[in-house]
Amino acid sequence: DWETASYGDPSLDVAYCRMDMQVTGFERAADYFLEAYEAFTDKPVENLELWELVAAAGVMPDPAIWLPFWQELGNDWSTPDTVRSNLRRFVADALRKSAHSDLIRGK
């Protein structure tokens, strides 16, 4: 993604990676990735729920527009319906986490 290369919060990259994995059906892999990342950095990913919502907004209004790209990479199991359903679950989970976030509540 060199067209958007920049220096910024690495939490956004973690969020995008988790979203890609979850939307394409690798929910458990996304959780393992987060655990490994946090173990490697020896700290929790800051504001992950916020960055996951930002990442999800990037594929709106329809995450199925990314399906041809994933298929070029060998994904032959995702369909427009599964991608949409998985994104809804991803967003719902981020919203659930954000309900308990001091950042979102302004504290």
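Everything quoted here is computed from the prediction, not taken from an experiment.

Rules and cut-offs
Residues numbered from 1 in each chain as written. Predicted model: local features only at pLDDT ≥ 70, side-chain atom pairs only at ≥ 80, totals over all residues. Heavy atoms only, no water. Helix = DSSP H or I, 4+ residues; strand = E, 2+ residues; numbered from the N terminus. Expected span 1.5 Å × (residues − 1). Buried < 20%, exposed > 50% of the residue type's maximum accessible area, 1.4 Å probe, protein only. Arc of directions from axis to C-beta. Contact = heavy atoms within 4.5 Å. Axes fitted to C-alpha atoms, helices over the stretch in contact; angles between N-to-C directions. Parallel < 35°, antiparallel > 145°, perpendicular 65-115°, else oblique. Left-handed = near helix turned anticlockwise from the far one by under 90°. Nonpolar A, V, L, I, M, F, W, Y, C, P; charged D, E, K, R; others polar.

### Side note on helix 5 (residues 80–98)
Next up, step 1: A rise of 1.5 Å per residue sets the reference length of helix 5, with its 19 residues, at 27 Å; its end C-alpha atoms lie 27 Å apart and thus fit the reference within 8%.
Next up, step 2: Those residues of helix 5 lying buried are V83, N86, L87, F90, V91, A94 and S98. Buried residues of helix 5 fall within an arc of 140° about the axis and therefore sit on the same side. More than 90 degrees from the buried face of helix 5, the exposed residues found are D81, R88 and R96.

### Some thoughts on the side chain of S78
Next up, step 1: Within the element layout of this structure, S78 appears in the loop between helix 4 (67–72) and helix 5.
Next up, step 2: Take S78: its relative accessible area is 6%, and that puts it in the buried class.
Next up, step 3: If sequence neighbours within four positions are ignored, S78 has contacts with T24, L67, Q71 and V83.

### What to know about the environment of P44
Next up, step 1: Looking at where P44 falls in the secondary structure, it is placed in the loop between helix 2 (27–41) and helix 3 (48–57).
Next up, step 2: As a C-alpha pair, P44 and S11 span 33 residues in sequence and 9.7 Å in three-dimensional space.

### Details of the packing of helix 1 (residues 10–23) against helix 5
Next up, step 1: At their nearest, the axes of helix 1 and helix 5 sit 8 Å apart, and the two run at 135° to each other. Classified by the angle between their axes, helix 1 and helix 5 sit oblique to one another. The crossing of helix 1 and helix 5 is right-handed. On helix 5, the residues touching A15, R18, M19, Q22 and V23 of helix 1 are T82, V83, N86, L87, F90 and K97.
Next up, step 2: When its residues are assigned to classes, the contact of helix 1 with helix 5 shows six nonpolar, three polar and two charged.

### Here we look at the packing of helix 1 against helix 3
Next up, step 1: It is at 8 Å that the axes of helix 1 and helix 3 come closest, and there the two elements cross at 60°. Considering their axes alone, helix 1 and helix 3 lie oblique with respect to each other. The interaxial crossing formed by helix 1 with helix 3 has right-handed handedness. Here S11, L12, V14, A15, Y16, R18 and M19 of helix 1 come into contact with helix 3, specifically with L48, W51, E52, V54, A55 and A56.
Next up, step 2: Split by residue class, the contact of helix 1 with helix 3 holds 10 nonpolar, one polar and two charged.

### Comments concerning unusual backbone geometry
Next up, step 1: In this structure, the amide linkage connecting M60 to the following residue, P61, adopts the cis form with an omega of 10°.
Next up, step 2: Secondary-structure assignment places P61 in the loop between helix 3 and helix 4.
Next up, step 3: The backbone of N47 shows a phi angle near 55°, a positive value even though the residue is not glycine.
Next up, step 4: Positionally, N47 belongs in the loop between helix 2 and helix 3.

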